[in-house]
Amino acid sequence: MTRSSPRTVLHRAAGSLAAAGLLAAASLAGAAAPAQAVDTPVFTFGGPAETALHPYPESGNPKSSRVGITLDNPSEDEENGGFDGDFTLTFDLSGVAGVADVKIDGEASPDCEITGTKAVCEDWGIRPGSQSAADFVVTAADGSENGDTGTITVTGRADGATFTPFTTRLTVGGPDLVMERLPFRTELTPGEKQQAPITFANRGTRDADGVLLTLRYSRGLDIPQRYSNCEYTVDDPDLPDFGWTTALCSVEGAFEAGATYTLATPLTLEATERAYYDTFLYGIHENSAAQRTALRAGAPSERGTGGVLKAVPAKKGAAARSTDLTPGDNQQEADFRTENTADFVAYGDDVAGAEGSTVKADIGFRNEGPAWIGHIRSGEDVATVDFTVPQGASVTSKPERCRAVTADGKYREDQNSPAPRYFCNTSMTVRDGAGLDLPFELRVDKAMVGASGAVTVRNTFLKNPKLPFDPKPANNTAYLILNGEGDGSDSGGATEGGDGGSGEPSTPPTSAPDPEESPSGTSGSSSSGGSSAGTAGGSGGGLASTGSIALIASGTAAAALAAGLVLFTAARRRAARHS
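1. Description of the overall build of the protein
Along its length, the protein carries 3 helices and 37 strands. When each of the 579 residues of the protein is scored for burial, the buried share is 45%. When contacts within the protein are restricted to residue pairs at least 6 apart in sequence, long-range pairs at least 24 apart make up 82% of them. When the accessible area of the protein is evaluated, it comes to approximately 28100 Å², of which 50% is carbon and sulfur surface.

Spelled out as structure tokens, the structure:
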């Protein structure tokens, strides 16, 4: 990660002022003034403010915790902002003597060594951003008691650099909040609701003074209640395509060690009309400023206007389980599959240009809904736009996400020269009302009337092109018409009403042989390299076609070409009206 420091901000401001001519007065100080020395870089440490240790057991070996310390170089210059030099980090362990036993994770920190009450790490080079400095394995010391606490102080030294000291605290015992798993129904229908009686326990050695309940749910789910002690954030900026809603609820009270609690009123979890594949995460943490900062989604939030969310002791015998102090118990997750559909509609374009000229075309598809489609767990791309270049043209510019392939959809090593066909993958999510816009530039190599190329949105597996969620495959294909008749409103011979509910196209969307390399028909990565949440539409793109690809070869005379175009257009429109 890269951060801005006050120094870099000042440098940017000075540079902007100089560019505007507002620092010209500096020349009055004399052209012979000596150059200023380069600023000494300042590096900072990061890590947990506090780590709770399992108390030393009466028998057996103590359970360990891990403490990771990071080193941050605030430079934003990836090429020249690194520090090239030796440096030494020192960890003063005297503050945790008798409280904790500290060992170095040798694999994660090979250049570190503990001698007495000091750990020393020696290394070379600090790249811009954050990197691991040292990882420690810590346990409660024999003879320590619940509540004992101490600190580890980190310092650094290097010629030509400064390090800001850092302190982390180790404490024996503490609250251990454990979220119970709820028995949700996971096969749903749009509009279906179910209760979510969130239940958690404190399996630690000390009471928790207030808790933070975190609820995160993807775009197809909703919790209608909006509580006044909860902050709500829609669309996590770190995951913009997922449509996450995050509720961070501060619940007051003393939550006793060994006790189990549940919400005074169960939440309601609803599968909306957008639901298809969705995920719900629910977690519990002790209420603290550090936890609130860590759990916030990072975007502006709004506080609810409803009642107060409260937790009360659970009924006797509820949610009983053995002690488990691992951090993973703070959160549970549930995945849902809703019986729903999404209509992916391809669009083409109608462009014209003289021989030797370059034309721009906008193609792609849009998701007419009602569902959003997101492969949150697998991270797989949702769909592929399969574009065949019209005869007589060659691609001179393509979107970065598009990969050139051979005419039959096989892998193509050369990605720089024009290809007869392109595969363009979406990302792992496609929202309802959004889609994928793909701007291409093509050179007209040979003037041909009505040359067309298919634009098909399909499954990423060319062997099985049907989109499993799409009930109208007939509108999955449109056409890019080059030097055709009309204003572009009829690209591909769109029909009103789509396929009339038949669910089957009149002709297959593609006729290429099945490739063997990868889901998209190439042996390369299927990473999209971009968001699928862009605005769908495109310039002049007609609705999807139910017809087959039609290419008209050039004739011996302009009259023959014109006549062929008239016949081609009329036949296509007649087929469209009767499909």
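2. Concerning the pattern of salt bridges
If you walk through the whole model with that rule in mind, you get 11 salt bridges. When the shortest N-O distance is used, the salt bridge between R219 and D432 registers 2.7 Å. With R219 in the loop between β16 (208-217) and β17 (221-222) and D432 in the loop between β34 (429-430) and β35 (435-444), this residue pair connects regions lying 213 residues apart in the sequence. In this structure, the salt-bridge partner of D445 is R443, at a minimum N-O distance of 2.8 Å. The network of salt bridges with shared partners includes E333, D335 and R377.

3. A short note on a negative patch on the surface
A surface patch of like charges, here negative, comprises E50, D207, D209, E256 and E286. By the secondary structure assignment, E50 is in strand β2 (residues 50-53).

4. Some thoughts on the pairing of strand β14 (residues 193-196)
Every second residue of β14 is oriented toward a common face, the buried set being Q194 and A196 and the non-buried set K193 and Q195. Direction of pairing for β14 relative to strand β21 (residues 267-271): antiparallel, over a ladder of 4 bridges. Paired with Q195 across the strands is T268, a residue of β21.

5. Focus on unusual backbone geometry
G369 connects to P370 through a cis peptide bond whose omega is 10 degrees. In the Ramachandran plot, N483 falls in the positive-phi region, its phi being about 60 degrees despite a non-glycine side chain. Within the fold, N483 resides in the loop between β37 (477-482) and α3 (558-578). Relative accessible area serves as the criterion here: at 16%, N483 is assigned to the buried category.

6. Overview of the packing of aromatic side chains
What describes a pair of aromatic rings is the distance from one ring centre to the other and the angle between the planes of the rings. Scanning all chains against the criterion turns up 19 aromatic pairs. Ring geometry for F184 and Y282: centres 6.0 Å apart, planes at 90 degrees, overall edge-to-face. Taken as a pair, F184 in the loop between β12 (177-179) and β13 (187-188) and Y282 in strand β22 (residues 277-286) lie far apart in primary sequence, 98 residues in all. Y282 carries the same exposure label as F184, and that label is buried. One aromatic cluster is present, built from ring pairs that chain together F43, F45, F83, F87 and F163. Of note, R216 hangs over the ring of W244, and the distance from its end group to the ring centre comes to 4.9 Å.

7. Here's the deal with the sheet that holds strand β24 (residues 311-313)
Spatially, β12-β15-β20-β24 is the arrangement adopted by the 4 strands of the open sheet, whose pairing is antiparallel. Taken across any chain shown, the strands that pair with only one partner, and hence form the sheet edges, are β12 and β24. In this sheet, neighbouring strand axes are inclined to one another by 30 degrees on average, regardless of whether the strands run parallel or antiparallel. Here β12 runs beside strand β15 (residues 199-202); their pairing, made up of 3 bridges, is antiparallel. Counterpart to L177 in the pairing with β15 is N202.

8. Observations regarding the state of the cysteines
Enumeration according to the criterion identifies 3 disulfides in this entry. One disulfide bridge connects C112 with C121, the sulfur atoms lying 2.0 Å from each other. Disulfide C112-C121: the torsion about the S-S bond is 110 degrees, which places it as right-handed. Each sulfur of the disulfide joining C230 and C249 lies 2.0 Å from the other. Judged by the torsion about the S-S bond (110 degrees), the C230/C249 disulfide is right-handed. With C230 in strand β18 (residues 230-234) and C249 in strand β19 (residues 245-255), the pair connects residues that are 19 residues apart, well separated along the chain. Judged on exposure class, the residue C230 and its partner C249 are both buried.

9. Observations concerning the environment of A447
Relative to the elements of secondary structure, A447 occurs in the loop between β35 and β36 (451-458). Note: C-alpha distance between A447 and A393 (54 residues apart in sequence) is 8.6 Å.

10. Details of the sheet that holds strand β4 (residues 83-92)
Taken in spatial order, the 6 strands make up an open sheet running β2-β11-β9-β4-β7-β6, and their pairing is mixed. The open sheet has two edge strands, β2 and β6 (112-115), and neither has a second partner. Strand-to-strand, the axes of this sheet are offset by a mean angle of 20 degrees, without reference to chain direction. Here 4 bridges tie β6 to strand β7 (residues 118-126), and the two strands are oriented antiparallel to one another. Residue pairing across strands places C112 opposite C121, the latter belonging to β7.

11. Describing the environment of S394
Structurally, S394 is set in strand β31 (residues 393-397). By relative accessible area, S394 is classed as buried at 8%. Counting along the chain gives 36 residues from S394 to T358, while the straight-line C-alpha distance between them is 9.4 Å. The residues contacting S394, other than those within four sequence positions of it, are V389, P418, E441, L442, R443 and D445. In this structure the side chain of S394 is engaged in a polar contact, spanning 2.8 Å, whose partner is the side chain of D445.

Rules behind the numbers
Residues numbered from 1 in each chain as written. Predicted model: local features only at pLDDT ≥ 70, side-chain atom pairs only at ≥ 80, totals over all residues. Heavy atoms only, no water. Helix = DSSP H or I, 4+ residues; strand = E, 2+ residues; numbered from the N terminus. Buried < 20%, exposed > 50% of the residue type's maximum accessible area, 1.4 Å probe, protein only. Contact = heavy atoms within 4.5 Å. Areas by Shrake-Rupley, 256 points an atom, 1.4 Å probe, with all protein chains shown as cover. Salt bridge = Lys/Arg side-chain N within 4 Å of Asp/Glu carboxyl O. Patch = residues over 30% accessible without salt bridge, like charges linked within 9 Å, V, L, I, M, F, W, Y side chains within 5 Å. Lys, Arg positive; Asp, Glu negative; His and termini not counted. Charge placed at Lys NZ, Arg CZ, Asp CG, Glu CD. Pairing = 2+ DSSP bridges. Phe/Tyr/Trp six-rings, centres within 6.5 Å; stacked < 30°, edge-to-face > 60°. Lys NZ or Arg CZ within 6 Å of the ring centre and 35° of its normal. Axes fitted to C-alpha atoms, helices over the stretch in contact; angles between N-to-C directions. Disulfide = S-S within 2.5 Å. Polar contact = N/O pair within 3.5 Å; in protein donor to acceptor, adjacent residues only side chain to side chain.

Such coordinate-based values are descriptive only and should not be taken to indicate function.
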